[in-house]
Amino acid sequence: MDRIAHTPAGLADVLCDECELKYSIESAAREVFKKYGYRMIQTPMFEYYDMYDVTSPIHAEDMFKFFDADGRMLALRPDITTSVARIAGAKNIGEDLPLRLFYCGSAFRNEENFSQARQREFTQVGVELIGDASPEADAEIIEITIDTLSKSGLKRFQVDIGQVEFFKGLTEQAGLDSFTENTIRRYIDDKDFVSLENELKKCDIDDYLKDMFLELPKMFGEIDIVRKALADDKLNPRSKAALDNLMQVYQILSERGLENFVSIDLSMVPNLNYYTGIIIKGFTHGVGFPVCAGGRYDNLIANFGRDLPATGVAIGVERVMASLSAEESENEIEKDSPQYVTVALAKGRLAELSVDIFEKIGCDVTQLREKSRKLIFTDDENKLKFILVKASDVPTYVEYGAADIGIVGKDTILESGKNVYEVLDLGFGKCKMAVAGYPEMKDNLDGTNLLRVASKYPHIARDYFHRQKGQTVDIIKLNGSVELGPIVGLSDVIVDIVESGKTLKENGLEVLEDICDLSARLIVNRVSMKLHREKITALIGKIKEEI
Ligand code: PRP
């Protein structure tokens, strides 16, 4: 029998040159951490699952779990911070405060899509400063982050700072229930302006707060954003205190000459149960994910015994490696086409209309209109590079940063589940996602019988039936001509796009339930939005004027 010669998916051997590079990054980080007085600790590769169940922002399904001989559930550590918090909470490390600890080791997450920057096993180097609630402590963590990224060889990176209490203050002022708060939080964090606006329409809150929530996704950039927000006398004390704190941290960093590395982002509002103050994320060119993430988590350690404030950061070593090689190849590309913004356009039904938009804002689209097999076109005057890709691939190109922006249907964005900013509803390609079938099925949608649902959109179908309706269904994935499902008896109903309704009508089917409205959207890579901010916001502005 042939032996398996490859690793399980999402794991990788790290050989020779790569291994040396990895080791040099880890060593550089260690040196920096020690310089700031941090001491190294090691924690076990796996822990009792219960520990994460209560405290971790990481979803249960993203952890690798197994049982020990006593039947207790264990989990491969999805991060190292939680273990450090356990140690600090249980006084295993002594009582002298503050504690300055650092770690370097593997963590594990059950990721679905793999790349060098996103593996199931990845290495984190990080610091935790425990027992100090001052702005100096947060500034120290940010300073260490900048120092570590620089010493690891990165030249172009940016550390974004936010403050989650600003958002919490606004939701407190608005009196939002936790469900709505979380929905709005998600839309703001994703810069999903369209869904945010729709959700806010449903909320019974005053116009001032509605406008504040709508403004939030745009509140990133220079420190002036914070100064301007501080001048608003309608803010409640909680939001104001958050801004004061952010200002203090920024001032400390400026005094240390680090202001050019940092940028403000008040719209970073990740898991609010975990983070309690300043949050930070580091971004580089060419890698679609943050290279590091951290912030203040004052409530975590209390779960383990001692109520101690804490702040820290974890840097992804593989992500730094990917950024270093992206910087290298970017330097090469930039020699030919400096500072081009790459736009991914979907082939197919949205293609013509997408090209029209760029023509209207004054781009040279002659090459794009020519019927050739070419897939990449440039507009040298406007410094734009267009790539033509399959619609379902647009979110992938944009998520990974291979394209900075893209135009694609909302259906494709929903189905892909990709992590991109959705900044504009372009208003064309309007249609809806619906459940359709023979008219007599209308009375059979209540969940009494197990429905068989055929769809090109299994994620949307599952989300609608399972999450929104609480109904278990059997989903059959098809790649096209889905209407055939009920006709040949493969399924009871379909979940599909309905535009004119002609296809349904000609096949004797009809819409049974509406799921959501769809149209073409402008999406932006999370890192590009920060690193090419001026160019991209100018482009968005021009497109907005046209539509
Ligand atoms: C889409 C969709 C429906 C049809 C709806 O299919 O899946 O079949 O268009 O449009 P209508 O309401 O205007 O009739 P598409 O043309 O993309 O082809 P496919 O079914 O082969 O995927």
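Keep in mind it's a predicted model, so treat the numbers as computed, not measured.

Caption draft 1: Spotlight on the overall build of the protein chain. Each helix and strand in the protein chain was counted, giving 20 helices and 23 strands. Rg of the C-alpha trace for the protein chain: 25 Å, near the compact-globule value of 24 Å for 547 residues, within the 12% margin. Once the C-alpha set of the protein chain is aligned to its principal axes, its extents read approximately 75 × 65 × 65 Å. Buried residues in the protein chain amount to 54% of all 547 residues. Put simply, 71% of the contacts in the protein chain that link residues at least 6 apart link residues at least 24 apart.

Caption draft 2: A look at the nonpolar core. Core analysis: the biggest nonpolar cluster contains 96 residues, and Ile-142, Phe-166 and Phe-213 have the highest contact counts within it. Sorting elements by how many residues they give to this core places helix H10 (residues 237-255) first, with eight residues. In contact with Ile-142, other than residues within four places in its own chain, are Val-159, Ile-161, Val-249, Leu-253, Val-262, Ile-278 and Ile-280. Ranked by size, the runner-up nonpolar core spans 32 residues in total, among them Phe-358, Phe-377, Phe-386 and Val-524.

Caption draft 3: Structural detail: the packing of helix H1 (residues 16-35) against helix H4 (residues 135-151). For the pair H1 and H4, interaxial distance at closest approach is 9 Å and the crossing angle is 145°. Viewed along their axes, H1 and H4 form a crossing whose handedness is right-handed. Here H1 contributes Ala-28, Ala-29, Val-32, Phe-33 and Lys-35 to the contact with H4, which in turn contributes Ile-144, Asp-147, Thr-148 and Lys-151. Split into classes, the residues belonging to the contact of H1 with H4 amount to five nonpolar, one polar and three charged.

Caption draft 4: Focus on the side chain of Glu-128. Structurally, Glu-128 is set in strand S6 (residues 121-130). Put simply, Glu-128 is tucked away with no salt bridge, and the nearest opposite charge, on Arg-296, sits 10.0 Å away. One polar contact links Glu-128 to Thr-81, side chain to side chain, over a distance of 2.8 Å. In terms of polar contacts, Glu-128 uses its side chain to reach the side chain of Tyr-297, at 2.6 Å. Other than its neighbours up to four places away in sequence, Glu-128 contacts Tyr-38, Thr-81, Val-84, Leu-99, Arg-100, Leu-101, Tyr-103, Tyr-297, Thr-311, Gly-312 and Val-313.

Caption draft 5: Focus on the pairing of strand S7 (residues 157-163). A large share of S7 lies buried, amounting to seven of its seven residues. What you see with S7 is no split at all: Phe-157, Val-159, Ile-161 and Gln-163 on one side and Gln-158, Asp-160 and Gly-162 on the other are buried throughout. Two strands pair when backbone bridges link them, and S7 and strand S10 (residues 278-284) are joined in this way by seven bridges, in the antiparallel orientation. Its bridge partner lying in S10, Gln-163 is registered against Ile-278.

Caption draft 6: Up close: the pattern of salt bridges. Under the criterion given, the structure shown has 30 salt bridges. Among the charged side chains, a salt-bridge network with shared partners connects Glu-165, Lys-168, Glu-172 and Arg-238.

Caption draft 7: Region of the structure containing the site of the ligand. Close to the ligand lie 13 residues, the nearest being Lys-456, Glu-483, Asp-496, Ser-500 and Thr-503. Contacts to the ligand include Arg-349, whose side-chain N or O atom sits 2.9 Å from an oxygen atom. Within the side chain of Thr-503, one N or O atom sits 2.3 Å away from an oxygen atom of the ligand. Within the residue set of the shell around the ligand, elements represented by two or more residues are strand S21 (493-498) and helix H18 (502-506). Examining the composition of the shell around the ligand, we find that three residues originate from one element, S21, more than from any other. Here the residues of the shell around the ligand are counted per class, giving two nonpolar, five polar and six charged.

Caption draft 8: Region of interest: a positive patch on the surface. A contiguous patch of positive charge on the surface is contributed by Lys-347, Arg-373, Lys-390, Lys-456 and Lys-477. Its location among the elements puts Arg-373 in the loop between helix H13 (366-369) and strand S14 (376-379). For Arg-373, a relative accessible area of 82% puts it in the exposed group.

Caption draft 9: Representation of helix H16 (residues 458-468). Buried within H16 we find Pro-458, Ile-460, Ala-461, Tyr-464 and Phe-465. Backbone geometry just downstream of H16 places Gly-470 in the positive-phi region, at approximately 65°.

Caption draft 10: Just the environment of Leu-196, in detail. Relative to the helices and strands, Leu-196 is located in helix H7 (residues 193-202). When near neighbours in sequence (up to four residues on either side) are disregarded, Leu-196 contacts Ile-184, Tyr-187, Ile-188, Phe-213, Leu-214 and Pro-217.

Caption draft 11: Spatial organisation of the sheet that holds strand S4 (residues 73-76). Spatial ordering of the open sheet is given by S2-S4-S3, a layout of three strands whose pairing is antiparallel. In the strand order of this sheet, the two ends are held by strand S2 (46-48) and strand S3 (65-67), each with one partner. Strand-to-strand twist in this sheet, taken as the mean axis angle between neighbours without regard to direction, amounts to 35°. Here S2 runs beside S4; their pairing, made up of three bridges, is antiparallel. Looking at S4, one finds that Phe-46 is bridged to Leu-76.

Caption draft 12: Local environment of unusual backbone geometry. Look at the link from Leu-97 to Pro-98: it is a cis peptide, with omega at -5°. In this structure, Lys-91 takes a positive phi of about 60° despite not being glycine. Looking at the secondary structure, you find Lys-91 in the loop between helix H3 (81-89) and strand S5 (99-108). Looking at Lys-91, the relative accessible area reads 42%, which means it is partly exposed.

Caption draft 13: Up close: helix H5 (residues 164-174). When you tally the buried positions in H5, you get nine out of eleven residues, the bulk of the element. Of all the positions in H5, only Val-164, Glu-165, Phe-166, Phe-167, Lys-168, Gly-169, Leu-170, Thr-171 and Ala-174 are classed as buried. In this structure, the buried side of H5 is in contact with S7, helix H6 (178-189), helix H8 (207-215), H10 and S10. Near the N-terminus of H5, the side chain that reaches the backbone nitrogen of Glu-165, with its oxygen 2.9 Å away, is that of Gln-163. Looking one or two residues beyond H5, the residue adopting positive phi is Gly-175, at roughly 65°.

Caption draft 14: Region of the structure containing the packing of aromatic side chains. Tallied over the full model, the rule gives nine aromatic pairs. Note on Phe-157 and Phe-261: the rings are 5.4 Å apart at their centroids and 20° apart in plane angle, and the pair reads as stacked. Placement of the pair is Phe-157 in strand S7 and Phe-261 in the loop between H10 and strand S9 (262-265), with a sequence separation of 104 residues. Accessibility expressed as a relative area gives 26% for Phe-261, which makes it partly exposed. Each ring, one from Phe-289 and one from Tyr-400, has its centre 5.6 Å from the other, and the planes form 80°; the classification is edge-to-face. Here Phe-289, found in the loop between S10 and strand S11 (292-296), pairs with Tyr-400, found in helix H14 (residues 394-400); they are 111 residues apart in sequence, far enough to count as distant. The class for Tyr-400 is partly exposed, based on a relative accessible area of 23%. Feature note: the residues Tyr-274, Tyr-275 and Tyr-297 constitute an aromatic cluster, connected by ring pairs. A cation sits over an aromatic face here: Arg-72 above Tyr-48, 3.8 Å from the ring centre. Over the aromatic face of Tyr-187 sits the side chain of Arg-186, whose NZ or CZ is 5.6 Å from the ring centroid.

Calculation notes
- Residues numbered from 1 in each chain as written.
- Predicted model: local features only at pLDDT ≥ 70, side-chain atom pairs only at ≥ 80, totals over all residues.
- Heavy atoms only, no water.
- Helix = DSSP H or I, 4+ residues; strand = E, 2+ residues; numbered from the N terminus.
- Rg over C-alpha atoms; globule rule 2.2 N^0.38 Å.
- Buried < 20%, exposed > 50% of the residue type's maximum accessible area, 1.4 Å probe, protein only.
- Contact = heavy atoms within 4.5 Å.
- Core = buried A, V, L, I, M, F, W, Y, C linked by side-chain atoms within 4.5 Å.
- Axes fitted to C-alpha atoms, helices over the stretch in contact; angles between N-to-C directions.
- Left-handed = near helix turned anticlockwise from the far one by under 90°.
- Nonpolar A, V, L, I, M, F, W, Y, C, P; charged D, E, K, R; others polar.
- Lys, Arg positive; Asp, Glu negative; His and termini not counted.
- Salt bridge = Lys/Arg side-chain N within 4 Å of Asp/Glu carboxyl O.
- Polar contact = N/O pair within 3.5 Å; in protein donor to acceptor, adjacent residues only side chain to side chain.
- Pairing = 2+ DSSP bridges.
- Near = heavy atom within 4 Å.
- Patch = residues over 30% accessible without salt bridge, like charges linked within 9 Å, V, L, I, M, F, W, Y side chains within 5 Å.
- Areas by Shrake-Rupley, 256 points an atom, 1.4 Å probe, with all protein chains shown as cover.
- Charge placed at Lys NZ, Arg CZ, Asp CG, Glu CD.
- Phe/Tyr/Trp six-rings, centres within 6.5 Å; stacked < 30°, edge-to-face > 60°.
- Lys NZ or Arg CZ within 6 Å of the ring centre and 35° of its normal.

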